[in-house]
Each structure stands twice: as C-alpha cells, then as structure tokens.
Amino acid sequence: MRVKLLVLSLLAVPVFLFSQSGKGISLKKIVEGVYSEKTLPELRPLSGGESYTRLSDDKSMIVAISYKTGLPVDTLFNANKARECDFKTIDGYEISPTGHHILLWRESEPLYRNSFTAVYYDFDVRRNYVNPLSDTGGRQMKPQFSPDGRMCAYVKDNNIWLRKFDFSTESPVTKDGAPDSILNGCPDWLYDEEFGGAPLMAWSPDSKILSFVKLDITGVGTFDLLDYGDGGYPTLMQLKYPMAGTANPKATVHSYSVETKDIKDLSVPGTAEGYIPAVTFTTHSDQLAVMTFNRVQNIFQMYYLNPKSGVSRLILREESSTYIEPSVLKSIKFYPDCFTFMSDRDGYAHLYLYSPTGSLLRQLTEGNWDVTGFLGYNPASKTVYYESTEEGPLYRSVYRIDAKNNKTKLSSQKGTNTADFSTDFKYFIQYYSNISTPQTVSVCDANGKTIRVIEKNERLKNELAALNAPKKEFLQIENSVGDKLNAWMLRPPGFSSSEKYPVVVMQYSGPGSQLVRDRYDFGWEYYLASKGYIVLAVDPRGTGGRGAAFGKCQYLKLGINESDDLLDVASYLQGLPYVDGKRLAIWGWSYGGFTSVMTMSRGKKLYKVGVAIAPVSDWHLYDTAYTERYMLTPGENGAGYERSSLINLAGKLEGSLYLIHPTLDKNVHMQNSLLYAKALEKSNKFCNMMLYTGKDHSIKGQQARWNLFQGIVRYLDTNL
C-alpha cells in the first residue's frame with residue numbers, strides 16, 4: 001500500500017493568487033488537470049558535471065543542456081536523423097556509462113505500480129544506428145548496462161537475457177523463468193508494491209559477473225479477478241497475492257559468469273521466510289551487497305557475498321522494537337571508503353556513515369527532525385546532501401554537511417524543496433513549491449544561488465488568478481492525549497463566522513503518510529469548499545514527518561489511535577461557533593477508507609456521513625509485507641487483527657456510509673467491500689455502494705474520476 005499513489009490531490013492552493021470576484025471552480029477542469037502543475041521530463045546529470053539531459057517536448061530527441069547557460073550543447077539522439085529508425089518518438093531512455101550506447105523504449109505498458117514492459121532499442125551513438133535490443137522480439141523490462149558499457153542485461157518472459165553490443169549477439173542467462181512460478185531478476189506484485197521496485201539484478205564493477213535475485217512464487221496463493229468488459233462472459237485474471245499469514249515468495253541469490261556462462265547459487269543466511277528486496281555491488285567486484293529483511297521487518301541485515309566463492313559476511317544489522325520501513329534501501333550508497341545508511345534508532349530518521357567493513361564512522365545528521373531524502377555524498381570533500389523537516393513537519397528543506405560538521409542550508413525559500421545534483425556537485429536543479437506557489441524549477445550553483453529558472457508555471461498562475469477560490473489556514477488540533485495534530489482548513493468563499501457550515505474531514509492516516517504539507521496541490525476538495533462546505537484535512541498519530549514515537553504508535557493496532565484522533569477532531573469541530581456539529585462527514589481512500597469506516601464504528605456517532613473508497617475491511621485480506629510490518633502475522637497478533645477488523649465492527653457502524661470500490665483493484669481487492677457488505681447484512685445495517693467496473697485501485701480516467709467526485713458531492717449534498 002504505497003502512500004504516494006494512494007493519496008489523491010488533497011492539499012491546498014494559493015490563498016492570495018485568487019480573485020474573490022473571479023470565476024468559480026470547475027470540477028471538470030480539476031479532473032482534466034487544468035489546475036495541475038506542468039511537469040518537466042526527467043532532467044538527468046551527465047558525467048563531467050557541466051550538463052544534463054532531457055527529452056524534447058515532442059519526445060523525438062535527447063538533448064544535453066548546459067547547467068550554466070541553459071543552452072543545448074549536444075543532441076545525443078534524434079529520431080528524425082538516426083539510421084534505421086522507423087519511429088518518431090520514444091517514451092524514455094537510458095545512457096550507458098561510456099555514453100556509446102543509449103537504450104530507447106517505446107510502447108510502455110504498466111505491469112505493476114513501479115514496473116513496466118516496453119519494446120526496447122539499442123542506439124549506437126558512434127554509428128548513429130538504431131537496432132532492436134532483442135533479436136527475438138517481444139517486450140522487455142528492467143534493462144541494466146554493464147559498467148564497461150559493452151553489454152546490457154534485461155528481463156524477457158521472466159528470464160534474464162544478455163546483449164553483447166560488440167558482437168551484436170543475444171543469449172539467455174536463465175531458462176527456468178515462467179509466469180506464476182519463477183521470476184528471474186524482476187519483482188512479483190508483492191516485491192514491486194511493497195519494496196518500490198528495488199533492483200534485483202546487479203553488475204560487478206569489472207563487468208564480469210551479473211548477480212540476480214530469483215523469486216519462486218509457486219507456493220503463493222492465487223487471487224482471481226473478473227474483468228466484466230462490456231458484456232458476455234467475464235475474463236478471469238489471476239494474480240499471485242500472498243495474504244497476511246500465508247506463504248510468501250521464496251527469494252534466492254545467484255551469480256552468472258559472463259566468461260564461463262555458469263550460474264552459481266549463493267547462500268544468504270536467515271532468508272527462508274524473509275525478503276531479499278535488493279542487491280547491488282560495492283565498489284569491489286568481490287563484494288555483492290545483499291539486503292535482507294526478516295518476515296515481519298523488524299530486522300534488517302546487509303551481507304557481503306563473494307559471487308565466486310559464495311562466502312558471506314554480515315556487514316550491517318539494524319533491529320527495531322517495532323518495524324523498519326523499506327525506504328532505508330534508498331539511503332544505502334557505496335563509495336570507495338564508506339557507505340551511507342538511514343535509521344531512526346535515536347527517535348528520528350537520520351543518516352549514518354559506515355566504513356566498508358561495517359564499522360560506524362559517524363552520525364551525519366542529528367536533531368529532533370527527520371531526514372526525508374538522501375540526495376548525495378561527495379567522497380572528495382566528504383560532504384553529505386539531504387532533504388529534511390528541520391523547519392518543521394510541514395516543510396522540506398535542502399542542506400549539506402561537510403566533514404567538519406559545518407551545515408549549510410541550500411534552499412532559500414520555506415515550503416517544499418528537493419534537489420538533483422550534478423555529478424561533481426557544482427550545480428543542482430531545485431524543485432520548489434509552497435501553498436501559494438505552483439512548482440518552480442531552477443538551476444542553482446553549489447551554494448544555492450539561483451542561476452536561472454527553467455519552469456515557473458506561468459500558465460497555471462494565470463489560470464489560478466481568475467478563480468474565486470476558498471482560502472486555507474494551517475492549524476493544530478490537540479487530541480485527548482495531548483498531541484497536537486497538524487491540519488489545514490478551507491472555508492467557503494464569503495465565509496461568515498456568524499453562520500454555521502457542514503464540514504468534510506479528509507484524511508489518509510496510513511503509516512508514514514502526510515497530507516498536511518506546505519506544497520502546491522489542487523484537488524476536488526476546492527470544488528467542495530466552493531459549494532459551501534468547510535473542508536479540513538488532518539494527520540493523526542501514526543503519520544510521518546514527526547519522528548518514530550509519533551509515527552509508529554499504531555504498531556500492532558492499525559486504525560485504533562488514528563480513529564481516536566479523528567473522533568477528537570470531530571469534537572473539536574463541534575466546539576467551533578461556525579460549524580454545524582450535526583453535519584460532519586469523513587472521507588478517505590484505501591487506508592483512508594479503512595480509517596473512515598473505523599472512525600464511524602467506534603461507538604460515537606460524531607460523523608453523520610462517511611465516504612470510503614477501496615478500504616481494507618480486514619487485515620487478514622491484505623498482503624503479507626505491508627500488513628505484517630505493522631501488525632506481525634495473524635498467529636503472533638491475533639487479538640490485534642480482530643480489533644482492527646471492520647468486518648467485526650460492522651454492527652457498530654453509525655451514520656450514512658457511501659462505499660466505493662473498483663472491480664479490478666489488484667491492491668485492495670473488491671472482496672474487502674463485498675465481505676464488509678455481507679457483515680452489514682448480518683447486523684441489519686446498511687450502506688450505499690458504487691462499483692467502478694474494470695478500474696484498478698486508483699480509478700484512473702477523466703470520465704471515471706468526474707463521475708466519482710460528482711457522486712460523492714451529490715451524496716454529501718443529499719445526506720449531510
């Protein structure tokens with residue numbers, strides 16, 4: 001249950017950019033993305049540090065651009081001029097370490113949230129020549145160049161293949177790959193969803209060894225989904241999906257010798273029931289770093305394996321009294337004399353520097369705030385770059401710390417900042433927005449001085465300036481145990497404190513998530529506010545950006561602290577003179593749908609209406625990696641599972657519930673809502689339900705989204 005794609009656009013838009021006499025907000029324009037920021041193609045640093053690459057707006061060229069001047073310095077690929085190129089556009093590209101080859105891909109099709117298949121091509125830069133990556137056709141995924149740039153490994157039909165550019169040959173590395181049983185070098189649904197598509201293949205620095213993870217999903221349970229199409233017999237879709245407490249994928253590690261073509265099986269201690277979510281080499285070809293979690297993810301271990309001898313050595317062990325988030329994988333980077341790692345062992349997420357042998361060298365960051373992104377390490381100057389909440393949980397700022405612990409703030413404006421650095425850290429591209437400013441993309445020098453602005457989102461600013469938009473205020477609401485919960489409030493245009501308004505509370509509430517941030521976002525909640533509702537978003541206990549004690553207090557009891565806080569929020573709202581305390585609604589999607597229903601089932605009839613989209617109704621039904629991270633297995637925490645079950649609480653539902661679910665949801669299966677409806681039937685309770693046929697968890701598509709939000713607004717208008 002990945003937070004970043006499950007949370008819809010729920011944050012606020014500028015307070016001072018809108019004319020109070022301007023035109024009203026259009027729900028259709030919101031759905032069509034008229035009020036969304038312009039997103040640039042990915043800007044990637046080139047070796048040498050002086051330029052970066054980007055895909056042209058028409059997707060026909062890859063252009064190198066000077067950081068300093070913003071002018072093109074080279075065209076690396078041009079579809080209109082390349083030899084044997086029978087296409088005019090590409091979806092994406094990857095440049096080899098030497099720059100002599102570029103992988104181009106087209107016809108991309110999503111496989112899971114972080115993985116896709118595509119038709120790949122090799123562009124030989126020196127010959128200006130395009131050639132299919134695979135001689136046998138088909139679709140490929142997860143390609144990786146060898147460090148010497150002379151080969152590329154990729155996955156096709158669950159097997160790893162190897163392309164040697166010098167000889168223009170293609171050969172299989174593995175042959176046992178098969179759907180729903182053996183996956184080589186690529187993730188199944190679980191690994192992709194819960195470990196972010198971390199790399200499961202790795203080249204040794206000398207390009208002689210290719211190591212990879214093999215997933216055996218034979219014993220994993222199969223979930224059946226029906227695609228009803230437009231009529232006739234439905235199509236059966238099957239997905240290997242391990243529910244909490246059931247059999248997991250079996251992960252093993254192997255190494256392939258390019259010279260001998262032999263595959264060696266490597267033994268990784270203690271992983272029979274656990275996970276191997278990532279492999280990578282250090283700067284040494286005899287050190288394959290293998291990342292492991294135990295099944296309930298409170299122990300992380302990293303081993304060095306010799307890919308030839310098979311000898312393993314434990315380098316790092318991290319243990320938590322609760323759980324370790326898989327985001328730590330992104331913080332592990334290897335350098336000639338050290339590696340980096342992020343941990344919340346002191347109560348907040350901070351960066352640590354280790355020697356190559358696993359000895360702690362120093363804690364790089366320290367304080368009562370969280371590092372939210374590791375942005376880079378310069379081994380020459382021993383300087384670390386990171387993003388953090390040092391200015392408060394609502395904000396993200398960019399900093400550097402040198403070898404003498406001298407800290408420099410590189411972002412100059414308060415709000416949400418992140419950065420991508422050039423390879424020599426001489427420049428960085430800064431992405432900035434706040435509640436009143438759509439994203440600005442700038443090129444900055446090493447000290448944070450703006451050299452030039454790449455994107456200002458002027459069109460969007462002009463569009464927003466004409467709107468009659470509600471205003472927004474940040475506030476804090478104290479819960480019954482003394483915690484101050486971060487929130488924002490939107491009041492309707494023409495708000496009068498002498499009148500009373502209905503309120504819609506929006507929340508996601510999942511572990512590590514944050515709705516309440518100082519960043520630009522424009523969602524349907526502004527349309528809702530323009531129709532006369534007060535809209536309040538809140539982050540209860542268990543959400544992110546505020547350290548481990550606040551963020552992990554939901555351990556073993558998902559939904560309990562969160563719903564307690566949301567009930568406290570209702571009591572707070574009822575005490576406001578301009579709120580109609582009998583007309584409160586709560587809304588959420590996925591985990592937020594779960595907490596919406598949980599809050600309405602705790603014996604206090606404070607919310608008159610609830611809207612729940614694709615909620616988990618019982619954690620036995622959700623996947624192993626996510627659920628067991630926060631709840632342990634059902635055998636270890638049976639009471640917790642029972643207490644957090646909406647099905648068990650169906651008889652206590654109070655208020656009018658609008659339950660929504662897409663029928664092809666591979667994440668939170670429609671089974672959750674159907675079994676909850678069955679439990680309501682047994683308790684002689686009722687809800688209103690809407691199904692989105694053929695849609696997945698995010699209910700994509702403008703027509704579907706327009707219908708979805710129109711339906712919610714109508715339900716609120718009728719029942720609140």
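This section reports on the structure supplied with the text. (Residues numbered from 1 in each chain as written. Predicted model: local features only at pLDDT ≥ 70, side-chain atom pairs only at ≥ 80, totals over all residues. Heavy atoms only, no water.)

1. Topic: the overall build of the chain
And then number 1: Secondary structure summary: the chain contains 12 helices and 43 strands in total.
And then number 2: Its C-alpha radius of gyration of 26 Å places the chain within 12% of the 27 Å reference for a compact globule of 720 residues.
And then number 3: Taking the principal axes of the C-alpha coordinates as reference, the chain spans close to 75 × 60 × 55 Å.
And then number 4: When the 720 residues of the chain are sorted by exposure, 58% land in the buried category. (Helix = DSSP H or I, 4+ residues; strand = E, 2+ residues; numbered from the N terminus. Rg over C-alpha atoms; globule rule 2.2 N^0.38 Å. Buried < 20%, exposed > 50% of the residue type's maximum accessible area, 1.4 Å probe, protein only.)

2. Let's talk about the environment of Gln297
And then number 1: Its location among the elements puts Gln297 in the loop between strand 21 (288-293) and strand 22 (299-305).
And then number 2: Put simply, Gln297 and Ser320 are 23 residues apart on the chain and 8.7 Å apart in space, counted from C-alpha to C-alpha.
And then number 3: Discounting chain neighbours no more than four positions away, the residues touching Gln297 are Phe195, Tyr275, Tyr323, Ile324, Ala625 and Arg629.
And then number 4: One polar contact links Gln297 to Arg629, side chain to side chain, over a distance of 2.8 Å. (Contact = heavy atoms within 4.5 Å. Polar contact = N/O pair within 3.5 Å; in protein donor to acceptor, adjacent residues only side chain to side chain.)

3. Side note on the pattern of salt bridges
And then number 1: Going through the model one piece at a time under the given rule, you end up with 28 salt bridges.
And then number 2: Across the salt bridge formed by Lys382 and Asp337, the nearest N and O atoms sit 2.9 Å from each other. A residue pair is termed long-range when its members are at least 10 positions apart, and Lys382 in the loop between strand 28 (371-378) and strand 29 (383-388) and Asp337 in the loop between strand 24 (334-335) and strand 25 (338-343) qualify at 45 residues.
And then number 3: Given a relative accessible area of 34%, Lys382 falls into the partly exposed group.
And then number 4: Residue Glu390 is joined to Lys407 by a salt bridge in which the shortest nitrogen-to-oxygen separation is 2.8 Å. Remark: Lys407 occurs in strand 31 (residues 407-409) and Glu390 occurs in the loop between strand 29 and strand 30 (397-401); sequence separation between them is 17 residues.
And then number 5: By relative accessible area, which is 22% here, Glu390 ends up partly exposed. (Salt bridge = Lys/Arg side-chain N within 4 Å of Asp/Glu carboxyl O.)

4. Describing the sheet that holds strand 29
And then number 1: Here we have four strands laid out as an open sheet, ordered 28-29-30-31, and antiparallel in their pairing. Taken across any chain shown, the strands that pair with only one partner, and hence form the sheet edges, are strand 28 and strand 31. Here the average twist between neighbouring strands, direction ignored, is 20°. (Pairing = 2+ DSSP bridges. Axes fitted to C-alpha atoms, helices over the stretch in contact; angles between N-to-C directions.)

5. Focus on the packing of aromatic side chains
The description of an aromatic ring pair uses the distance of the two centres, along with the angle that the planes make with each other.
And then number 1: Tallying each qualifying case throughout the model produces 43 aromatic pairs.
And then number 2: Both rings, one in Tyr304 and one in Phe334, keep their centres 6.4 Å apart while their planes meet at 55°; by these two values the pair is tilted. Of the two residues, Tyr304 is situated in strand 22 and Phe334 in strand 24; the sequence distance between them amounts to 30 residues.
And then number 3: On the basis of relative accessible area, Tyr304 is assigned to the buried category, the value being 3%.
And then number 4: Site record: aromatic cluster; members linked through ring pairs are Trp189, Tyr241, Tyr323, Tyr508, Tyr555, Tyr591, Phe594, Trp619, Tyr622, Tyr626 and Tyr630.
And then number 5: In this structure, Lys414 is placed above the aromatic ring of Tyr395, and the distance from its NZ or CZ to the ring centre is 4.5 Å.
And then number 6: Note that Arg546 overlies the ring of Phe550, its terminal NZ or CZ placed 4.0 Å from the centroid. (Phe/Tyr/Trp six-rings, centres within 6.5 Å; stacked < 30°, edge-to-face > 60°. Lys NZ or Arg CZ within 6 Å of the ring centre and 35° of its normal.)

6. Considering a nonpolar patch on the surface
And then number 1: A surface patch of nonpolar side chains, amounting to about 260 Å² of accessible area, comprises Leu226, Tyr228 and Leu236.
And then number 2: Note that Leu236 resides in strand 17 (residues 235-240). (Patch = residues over 30% accessible without salt bridge, like charges linked within 9 Å, V, L, I, M, F, W, Y side chains within 5 Å. Areas by Shrake-Rupley, 256 points an atom, 1.4 Å probe, with all protein chains shown as cover.)

7. Things to note about the sheet that holds strand 34 (residues 437-445)
And then number 1: An order of 32-33-34-35 is seen for the four strands of this open sheet, with the pairing classed as antiparallel. Of all the strands in the sheet, the pair left with one neighbour each is strand 32 (416-421) and strand 35 (450-455). Taken pair by pair, the neighbouring strands of this sheet meet at an average axis angle of 25°, ignoring direction.
And then number 2: Here four bridges tie strand 34 to strand 35, and the two strands are oriented antiparallel to one another. Each bridged residue has a counterpart across the sheet, and for Cys444 the counterpart in strand 35 is Thr450.

8. Focus on the environment of Thr340
And then number 1: Positionally, Thr340 belongs in strand 25.
And then number 2: Sequence separation between Thr340 and Tyr377 is 37 residues, and the spatial gap between their C-alpha atoms is 8.4 Å.
And then number 3: One polar contact links the side chain of Thr340 to the main-chain carbonyl oxygen of Ser331, over a distance of 2.8 Å.

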